[in-house]
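Observations on chain architecture
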Amino acid sequence: QPSMQDVQKSLVSQLAANASSTRLAEFESSLRVTFAALPKDNGGLLGHQAVRYMLHRQMLQRHGWFVVGLEPNDVAPPPYLNGEWVPSFLQGVLEQRLGGRGIDLHELAALAAALEDIVHKETAQRLETTYQLLNLPIVAELDATQADKVIMSFAMLYLEGNFTHKAVDLPVLETYYSKDYADWRKVERWFREIEMRYLKSSSGTTDKYKMPALLKVVDEIGKHFGEFNDRECKNLKDMFYQMEDKRMVGRVSLSEFYKKGLHSHWNFNEKADYLRQLGALDESDPTMPRVIGPNYLGARTNCLESSSLYAVCCRNECEDLMLHLEGAIAAPTAEAERIAQLISALPSDSVAAPRELPTALFGRLQDIAAQNGGMVPLHGRLFAQWMHHAYPRECPFPHPVGTVSPLTPNEWMREAGQEDAKASAEEMQTQVASDTCSGTGPCSEARDLPWSSTEELFVSQGTPVHDHKEEQEGGWTAFNVAMLLLAAALFVTGQWPHARELPAALALLEEAAGASKRRADLQKCATVAGLAAAAAGFGILDPSAFGLAACLGIVAFTAPRLLAQVKTKNDKSWA
């Protein structure tokens, strides 16, 4: 697990990097198109949610990493588990230093690079763990056979997503992967390709290898495993759409889904309740539930949970289509006619181009524009839904916020109180038997994809820049007072967080203290302070504890002003 100090150091390092840094320039280049197309404030800066949206897309497209804590439409979901606090804490640190003024392209690139650095630190820690499991000193110079043993042991633990094994477990893992793991030879061959490509090139000698050389190899395994996973995702997609329901494009009936799971090696066996939670179940026809292709293929059930910081998932093919649109439009909104022109000429893996858009589809686009003042927001739910209709096998169906959640099987089982996320053979057979459609009659007629008129902007439209001085004097005071009152209450009640829980608690509070809410927080804090004072007066709250919190609150009011000049100087050094 990375520490808060690791996270802060990574961010400081990237912010201090020269603007001409090759690595930051590479990040800026890959982020520039979407950055230009997102809504910004009057200063051309991105707000809090837009930054989260971009980081999520960047990591998923760059490495196939589904970064935990950056889930779409996810606003500080308690409780933070494992590494989920990291991206929110990282973003919160930067936003505090900038006084809530928004984030520019260079700072966004620094955030993305810092996130990669934190993953690198976790990888280094895991490599040390692998050395220990193999009883090798971390300073040892290894021959080629020993180096290969370390790398392949790391690779198996990476696939397990579990570096807490003991030394006696390694032979068991080796037996499992060599004999029982599907397509192990293919995976092993890919690992060895990475090993051959990077091991000798990163070592000063040809026959002895130190830990830095091996770290380069395992680092590249993490960065590029998504490329290998894409091949597996392509096979999964091809098999899934072989079962496609001809009555509703981009979907497979739940009966056919389970039938394939019962009679083949493909694990199409998730419970209907779990598929529903993932947003992968279409129940618009109550008599014929269907699995939504893009939603299922990109769901956490098909991800490799290889890190506490990320899962390796199938890439969202719709992002490639969106990137093309963002590059051509270079603005947050566009006219319906312009979008229709671009989409007509834009092919996908399953849609040929050029094509003429159906009249009904173009009509939907015009309706979205009418609902949004004559222009279509590119980063809203309605346009995402329209893209799902235009590319039903590539673009996920966007459910309203809060109705679905990208839970792993284990998370869902804990939340739902279930013993397994997989349907039993009996459950699957019951569903298969319930499908009475024979391919003829009314149930064989084609059905339209579902459509909802609910609009939700994934990234809010730009807002004016707040007065920086006003934010410093009013906003941070509110946050500090709230933290002090909370600390006093936790101390008095004996509920002070465990050391391992403190980073998660801080990250959650950082998220709650968004710059756009700080002035309102001041009023809330005053209300809380008044209620606390009344409680102390009536003996409900320990008066001494409240007195201590009040004194600390006064200090919190004055400290930001005294430190303002120092902070300004530090900001310059960070930039």
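It should be emphasised that the depicted structure is a prediction, and the values quoted were computed from it without experimental measurement.

**Here's the deal with the overall build of the chain**
- Check the secondary structure of the chain and you find 23 helices and 7 strands.
- For the chain, buried positions account for 48% of its 575 residues.

**Some words on helix 4 (residues 85-97)**
- In a regular helix each residue adds 1.5 Å, so 13 residues correspond to 18 Å; helix 4 covers 18 Å between its end C-alpha atoms and thus fits that length.
- Where burial is concerned, most of helix 4 is hidden: 12 out of the 13 residues are buried.
- Taken as a whole, helix 4 has its buried residues at Trp-85, Val-86, Pro-87, Ser-88, Phe-89, Leu-90, Gln-91, Gly-92, Val-93, Leu-94, Glu-95 and Arg-97.
- Immediately downstream of helix 4, the backbone of Gly-99 shows phi near 70°, a positive value.

**Brief notes about the state of the cysteines**
- Taken as a whole and assessed by the stated rule, the structure comprises 3 disulfides.
- Through a disulfide, Cys-233 is tied to Cys-314; the S-S separation comes to 2.0 Å. Residues Cys-233 and Cys-314 share a disulfide whose torsion about the S-S bond is about -90°; that sign makes it left-handed. Placement of the pair is Cys-233 in helix 9 (residues 211-242) and Cys-314 in the loop between strand 5 (310-312) and helix 13 (317-329), with a sequence separation of 81 residues.

**A word on helix 5 (residues 105-133)**
- The terminal C-alpha atoms of helix 5, which comprises 29 residues, lie 42 Å apart, in line with the 42 Å expected from a rise of 1.5 Å per residue.
- Helix 5 sits mainly inside the fold: 22 of its 29 residues count as buried.
- Among the residues of helix 5, the N-terminal cap falls to Asp-104, whose side-chain oxygen and the backbone nitrogen of His-106 are separated by 3.2 Å.

**Regarding unusual backbone geometry**
- The omega torsion of the bond from Ala-353 to Pro-354 falls at 5°, within 30 degrees of zero and hence cis.
- Along the chain, the position of Pro-354 falls in the loop between helix 14 (336-344) and helix 15 (359-371).
- For Asp-183, which is not a glycine, the phi torsion comes out positive at approximately 60°.
- Within the element layout of this structure, Asp-183 appears in the loop between helix 7 (169-179) and helix 8 (184-198).
- Residue classification places Asp-183 among the partly exposed residues on the basis of a relative accessible area of 42%.

**So, the environment of Ala-155**
- With respect to the helices, strands and loops of the structure, Ala-155 is situated in helix 6 (residues 144-160).
- For Ala-155, a relative accessible area of 0% translates into the label buried.

**Examining empty space enclosed by the protein**
- All told, the structure shown has 1 cavity of 30 Å³ or more when counted by the stated rule.
- For the largest cavity, the calculated volume is near 30 Å³.
- Lining the largest cavity are Trp-65, Val-67, Leu-115, Val-119, Leu-309 and Tyr-310.
- When contributions to the lining of the largest cavity are tallied by element, the ones reaching two or more residues are strand 1 (65-67) and helix 5.

**Comments concerning the pattern of salt bridges**
- What the rule picks out here adds up to 33 salt bridges.
- Between Lys-237 and Glu-394 there is a salt bridge, with its nearest N and O atoms 3.3 Å apart. Of the two residues, Lys-237 sits in helix 9 while Glu-394 sits in the loop between helix 16 (381-390) and helix 17 (409-416), which places them 157 residues apart along the sequence. Comparing Lys-237 with Glu-394 shows no difference in burial state: the two are buried.
- Among the ionic pairs, Arg-447 bridges to Asp-285, the shortest N-O distance being 3.9 Å. Linking Arg-447 in the loop between helix 18 (425-434) and helix 19 (468-493) with Asp-285 in the loop between strand 3 (281-282) and strand 4 (290-292), this pair joins segments that are 162 residues apart in sequence.
- Classification of Arg-447 by relative accessible area gives partly exposed; the value is 40%.
- A relative accessible area of 12% means that Asp-285 is categorised as buried.

**Thoughts on the side chain of Glu-107**
- Its place among the elements puts Glu-107 in helix 5.
- Setting aside residues up to four positions removed in sequence, Glu-107 forms contacts with Leu-15, Leu-94, Leu-98, Arg-101 and Gly-102.

**Focus: the confidence of the model for the chain**
- Averaged over all residues, the pLDDT of the chain equals 82, while 74% of them reach at least 70.
- Averaged pLDDT values for the elements of the chain fall to 40 in helix 23 (residues 564-574) and rise to 98 in helix 14.
- pLDDT under 50 marks residues 463-477. Its contacts with residues more than four places away, or in other chains, come to 26 contacts.

**Quick word on the sheet that holds strand 4**
- Read from one edge of the open sheet, 3 strands run 2-4-3, paired in antiparallel fashion. Of all the strands in the sheet, the pair left with one neighbour each is strand 2 (251-253) and strand 3.
- Sheet contacts for helix 10 (residues 254-262): strand 2, strand 3 and strand 4; angle to strand 2, the most-contacted strand, approximately 75°.

**A few points about the packing of aromatic side chains**
- The tally for this structure, following the rule as stated, stands at 24 aromatic pairs.
- The interplanar angle of 20° and the centroid separation of 6.4 Å between the aromatic rings of Phe-154 and Tyr-158 together place this pair among those described as stacked. Of this pair, Phe-154 and Tyr-158 both sit in helix 6, 4 residues apart, roughly one helical turn. For the residue pair Phe-154 and Tyr-158, the accessibility class agrees, reading buried in each case.
- Between the aromatic rings of Trp-190 and Phe-191, the centroid separation amounts to 5.6 Å while the plane-to-plane angle is 65°, which identifies the pairing as edge-to-face.

How each quantity is defined
- Residues numbered from 1 in each chain as written.
- Predicted model: local features only at pLDDT ≥ 70, side-chain atom pairs only at ≥ 80, totals over all residues.
- Heavy atoms only, no water.
- Helix = DSSP H or I, 4+ residues; strand = E, 2+ residues; numbered from the N terminus.
- Buried < 20%, exposed > 50% of the residue type's maximum accessible area, 1.4 Å probe, protein only.
- Expected span 1.5 Å × (residues − 1).
- Disulfide = S-S within 2.5 Å.
- Polar contact = N/O pair within 3.5 Å; in protein donor to acceptor, adjacent residues only side chain to side chain.
- 1 Å grid on protein atoms, 1.4 Å probe; cavity = no way out; pocket = protein on both sides within 12 Å on 5 of 7 lines; lining within 4 Å.
- Points joined across faces, edges and corners; volume = space filled by probe spheres on them.
- Salt bridge = Lys/Arg side-chain N within 4 Å of Asp/Glu carboxyl O.
- Contact = heavy atoms within 4.5 Å.
- pLDDT = per-residue confidence, 0-100.
- Pairing = 2+ DSSP bridges.
- Axes fitted to C-alpha atoms, helices over the stretch in contact; angles between N-to-C directions.
- Phe/Tyr/Trp six-rings, centres within 6.5 Å; stacked < 30°, edge-to-face > 60°.

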